[in-house]
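# Residue-level structure breakdown
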Amino acid sequence: MLKKLFTISFLFLLYFNPSISNDLKIVYVDIDKVLSQSNAGKSITKQLENLNVNNIKKFKEKEKKIKNTENDLIKKKNVLSKEEFEKKVNNLQIDIKNFKKNINNSRIDLDQKRLEATSKILKILNPILADYSSKNSISLIIQKKNIVIGKSELDITSQILKVLNTKIKTVKLN
């Protein structure tokens, strides 16, 4: 909140300072839209969805095996000795614990891949923004999420999206 207030007050002071405001050209870009609608962003989304679907299939199979083991154990409860039954129950609990740990690790890995891929796009996007600002004599480019109200003519998202799509088509996940 403090950052937004500072940004707004800074822009307000720059805009109304007569010596600076004549030379100042401020635009904004919707980074989230660029990341989600660019070819590379769509590629990342599709790859992450495929990974997630594969993980879900894998974990459903493992869950089914654990359930079958649990049902078999319940059926054999009266047949097995108490010590042997407890040993099998402990093994089942360890399997369940490992299963939950694997699911959690899979989620963390998916999030990490999303962050790395987004970071790759942002590394390509920064020079594009710098080049665009120098070619068009732009003094300041602000993220749209930090703008309260702005003229739609100042939104350069579509131009940046076109340039990014020509620079990069896909991003490979690690």
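What you see is a predicted model; the values in this text were computed from it and never measured.

### Re the packing of helix α5 (residues 82-135) against helix α6 (residues 157-167)
Contact geometry for α5 and α6: axes closest at 10 Å, N-to-C directions at 125°. Viewed along their axes, α5 and α6 adopt a mutual orientation that is oblique. Considering only the axes of α5 and α6, their crossing is right-handed. Along its contact with α5, which presents I121, I124, L125, I128, L129 and Y132, the element α6 presents Q159, I160, V163, L164 and K167. Looking at the contact of α5 with α6 residue by residue, the class counts come to 9 nonpolar, 1 polar and 1 charged.

### Looking at α6
Buried within α6 are the following residues: T157, I160, L161, L164 and N165. For α6, the angular spread of the buried residues around the axis is 135°, confining them to a single face. Seen from the open side of α6, the exposed residues pointing more than 90 degrees away from its buried face are K162 and T166.

### Things to note about the confidence of the model for the protein
Summarising the model, the protein shows a mean pLDDT of 86, and 87% of its residues fall at 70 or more. When the elements of the protein are averaged for pLDDT, helix α2 (residues 18-21) gives the smallest value, 50, and helix α4 (residues 39-75) the largest, 93.

### Thoughts on the pairing of strand β1 (residues 26-29)
Here β1 shows two buried faces, one formed by I26 and Y28 and the other by V27 and V29. Sheet topology places β1 next to strand β2 (residues 140-143); 4 bridges connect them, and they run parallel. Among the inter-strand pairings, V27 is bridged to a residue of β2, identified as I141.

### Digging into the packing of aromatic side chains
Counted under the stated rule, the structure contains 1 aromatic pair. When the centroid spacing of 5.9 Å and the interplanar angle of 80° are considered together, the rings of F59 and F99 count as edge-to-face. Residue F59 is located in helix α4, and its partner F99 is located in helix α5; the two are separated by 40 residues in the primary sequence. We note that F59, like F99, is buried.

### A word on the side chain of S38
When you line up the elements, S38 lands in the loop between α3 (31-37) and α4. Judged by relative accessible area, which is 0%, S38 ranks as buried. At a separation of 3.0 Å, a polar atom in the side chain of S38 contacts the main-chain carbonyl oxygen of V34. Excluding residues within four positions of it along the chain, S38 makes contact with K33, L161, L164 and N165.

### Details of unusual backbone geometry
Phi at S137 takes a positive value of approximately 50°, unusual for a residue other than glycine. Topologically, S137 is positioned in the loop between α5 and β2.

So, how was this worked out
- Residues numbered from 1 in each chain as written.
- Predicted model: local features only at pLDDT ≥ 70, side-chain atom pairs only at ≥ 80, totals over all residues.
- Heavy atoms only, no water.
- Axes fitted to C-alpha atoms, helices over the stretch in contact; angles between N-to-C directions.
- Helix = DSSP H or I, 4+ residues; strand = E, 2+ residues; numbered from the N terminus.
- Parallel < 35°, antiparallel > 145°, perpendicular 65-115°, else oblique.
- Left-handed = near helix turned anticlockwise from the far one by under 90°.
- Contact = heavy atoms within 4.5 Å.
- Nonpolar A, V, L, I, M, F, W, Y, C, P; charged D, E, K, R; others polar.
- Buried < 20%, exposed > 50% of the residue type's maximum accessible area, 1.4 Å probe, protein only.
- Arc of directions from axis to C-beta.
- pLDDT = per-residue confidence, 0-100.
- Pairing = 2+ DSSP bridges.
- Phe/Tyr/Trp six-rings, centres within 6.5 Å; stacked < 30°, edge-to-face > 60°.
- Polar contact = N/O pair within 3.5 Å; in protein donor to acceptor, adjacent residues only side chain to side chain.

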